[in-house]
Amino acid sequence: MQGYGIVLIGLLALLIGLTAGKAWERYKLVEGRWVDRRRVRQSPHFILGLNHLVAGQVDLAIDELERAAKLDPGALELRLVLGNLHREKGQVGRAIQEHQALLQRPRLNKIEHANVLLCLGLDYRRGGFVDRAVAAFQDVLKLDPDNEAALVNLEKLQEDQHQWQEAYVTRRRLARIAGPPDQPNSQLILAFLENELGLQALKEGRLDDAIARFEAAIDLDSRVVPAYLHLGDAQHQRGDLAAATATWERAIAVAPDRAYLSLARLEETYDTLGQPDRFAERCRALTAASPREWRARVALARHLTHGGEPSLALELLFDALEHNPHAIAIHQAIWATLSLLDLPKQLVARYIDITRQSVFYLDPHVCLRCRYRSTELIWQCPHCHEWNTFVEERITPATDTEAEIPAALVQ
Ligand SMILES: [Zn+2]
C-alpha cells in the first residue's frame, strides 16, 4: 500500500513539473509582469498581418504585425521579420536600425545572435555597404559555421567584387554542407569560378596557370563552354594551333547550340592551317543536325561570300531567314549580299516574299498580366482570363525613349 502511495506522489510530482514547464513555456516575465507568449500568434493582428503578406500588401502587413508585436515586446522573430519587411520596401536605414537594436538585447543565444546578424548583413548588402555586409556574414559564420544563407550571400558579394579565389573557397564550403544531392549544381558553379581564375591568369600573362585552370574547369563540369573557348585561346597564344582547334571542336560537340562562339575562332585557324574546307564542312554538319541553327548558316554564307560565291551564300541566308525571321543579323547579311550582287529584282522580290510569310510580321499581341502571346488582338486572355490586358508588342530600338509598353515586355 505504501509503495503505491510513493508511486502516486511520484506521478503527481511529475504532473506538477510538466504543468509548470508548460506554463513557463507559455508565460514569460517581461518588466515585472507575466506575458502570454501564445497571445502574439493567436492575435488577430498576427493572422491579418500574415494574410496581407501573402497578398503582397507590405504596408498593411507591417501595420498589423507592429500591433501584434506590442503584445509581446520581447518577441524576437517578429521584430526580425518587421526589419526585413522594411528592407524589402527599400527602407534600408529603418531595417538596419531595427536589427541593430535587436543586437543590444541581453541574453541572446548563439543562434538568435546569428539570425540577427544575418538580417543585418542582408540590410547592408541591399544598401550597398559591401564591407559591412561581408563583415556581418563572416560574424554569422563564426557563430554558426554551417549557415548556408550567410555563405551564399558572402559568395555573391565576393563574385560581385571579382574575388574569384575567395568565392571558390566559399562555394567549396557550401558544396560540403549541401552533400551529394546538390553537388552537381555546386560543381557547375565551381567550374565557372575556375574559368574566371583562368581568365585572370590569362590577363596577367600566366599562360601555364591559365591553361591548368581552364582544364580544371572542364574536369569539374564538361558543360562549361567558356572554359573551352578560353583554353583554345590560351593554346593559340602559345602557338599550338592544332590543340586550340581540337579544343574548340570539343566545345561544339559538348554544346552545339553555342557552336557559333567557336566558329569565328575556327574559321581563322583552319585558314592558317591551310584547310579552309574544314570550316564549310563543320558549318554544314551543324545546319544538317539542326534546321534552326541560323548562326552556322550565316557564318558559312560569310565564308562563301569571301570565297567569291555570293549567290550560294544568299540561298543559305534565305533558308536561315525562313527558320529565324526575327534575327536581325540575317537581314543585314542578306542586304549586304544583295548589294554585292547589285540588287537583282528577282532576288529582292524573293526576300520580300519570305518576310511576308513569316509569323514575325503578324503583329504579336501580348497579355500584360501573364505574357500570353497571340497573333491577333483578343479581349479576354485565354490563359489568365483577365479582360483588356493585351498590348501590341513592339520591339523598340535601343535609343527609343518613348516606349509604349513596359520595358519588361520588350524582348
Ligand atoms: Zn494573360
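Nothing here was measured: the structure is a model prediction, and the numbers come from that model.

1. Quick notes on the nonpolar core
For soluble globular proteins, the rule of thumb is that nonpolar side chains tend to be buried together. Formed by 49 residues in total, the largest nonpolar core has its most connected members in Phe214, Ala227, Val298, Ala301, Leu317 and Ile330. A total of 9 residues in this core trace back to one element, the largest contributor, which is helix H11 (residues 183–203). The residues that make up this core include at least three from each of domain 1 (179–274) and domain 2 (276–361). With sequence-adjacent residues up to four places away left out, leucine 317 is seen in contact with Arg297, Val298, Ala301, Ile330, Ala333, Ile334 and Thr337. Counting residues in hydrophobic clusters, the runner-up holds 19 residues, among them Val116, Leu118, Phe137 and Leu151.

2. Re the sheet that holds strand E4 (residues 373–374)
Strand order in the open sheet formed by 3 strands is E4-E3-E5, and the pairing between neighbours is antiparallel. A single partner strand is all that each edge strand has here, and the edge strands are E4 and strand E5 (390–392).

3. A word on the environment of glutamate 155
Along the chain, the position of glutamate 155 falls in helix H9 (residues 148–160). Judged by the 22 C-beta atoms lying within 10 Å of it, glutamate 155 falls in the buried class. Counting along the chain gives 15 residues from glutamate 155 to threonine 170, while the straight-line C-alpha distance between them is 5.9 Å. Every residue in contact with glutamate 155, bar those within four places of it in the chain, is listed here: Ala167, Thr170, Arg171 and Leu174.

4. Thoughts on the confidence of the model for the protein
Scored by pLDDT, the protein has a mean of 84; 84% of the residues are at 70 or more. Here residues 14–25 is modelled with pLDDT under 50, and outside its nearest four sequence neighbours on either side it reaches 0 contacts, counting other chains as well. Residue range residues 397–411 is modelled with pLDDT below 50. Its contacts to residues more than four positions away, or to other chains, number 11 contacts.

5. Some points on unusual backbone geometry
One non-glycine residue with positive phi stands out, namely aspartate 342, at about 65 degrees. Assignment of secondary structure puts aspartate 342 in the loop between helix H19 (328–340) and helix H20 (345–357). Accessibility expressed as a C-beta count within 10 Å gives 6 for aspartate 342, which makes it exposed. Residues other than glycine seldom take positive phi values, yet leucine 343 does so here, at roughly 45 degrees. Structurally, leucine 343 can be placed in the loop between H19 and H20. Among the residues examined, leucine 343 registers 10 C-beta atoms within 10 Å and is labelled exposed.

6. Re the packing of helix H14 (residues 241–254) against helix H15 (residues 259–272)
Interhelical geometry of H14 versus H15 gives an angle of 150 degrees and a closest axis separation of 9 Å. As judged from the angle between their axes, H14 and H15 are roughly antiparallel. The two elements H14 and H15 cross, and the hand of that crossing is left-handed. The segment H14 lies against H15, with Leu241, Ala244, Thr245, Trp248, Ala251 and Ile252 engaging Ala259, Ser262, Arg265, Leu266, Thr269 and Thr272. Residue classes in the contact of H14 with H15 are distributed as 7 nonpolar, 4 polar and 1 charged.

The rules behind each value
Residues numbered from 1 in each chain as written. Predicted model: local features only at pLDDT ≥ 70, side-chain atom pairs only at ≥ 80, totals over all residues. Core = buried A, V, L, I, M, F, W, Y, C linked by C-beta atoms within 7 Å. Buried ≥ 20, exposed ≤ 12 C-beta atoms within 10 Å, placed from the backbone. Helix = DSSP H or I, 4+ residues; strand = E, 2+ residues; numbered from the N terminus. Domains from an automatic or database assignment. Contact = placed C-beta atoms within 7 Å. Pairing = 2+ DSSP bridges. pLDDT = per-residue confidence, 0-100. Axes fitted to C-alpha atoms, helices over the stretch in contact; angles between N-to-C directions. Parallel < 35°, antiparallel > 145°, perpendicular 65-115°, else oblique. Left-handed = near helix turned anticlockwise from the far one by under 90°. Nonpolar A, V, L, I, M, F, W, Y, C, P; charged D, E, K, R; others polar.

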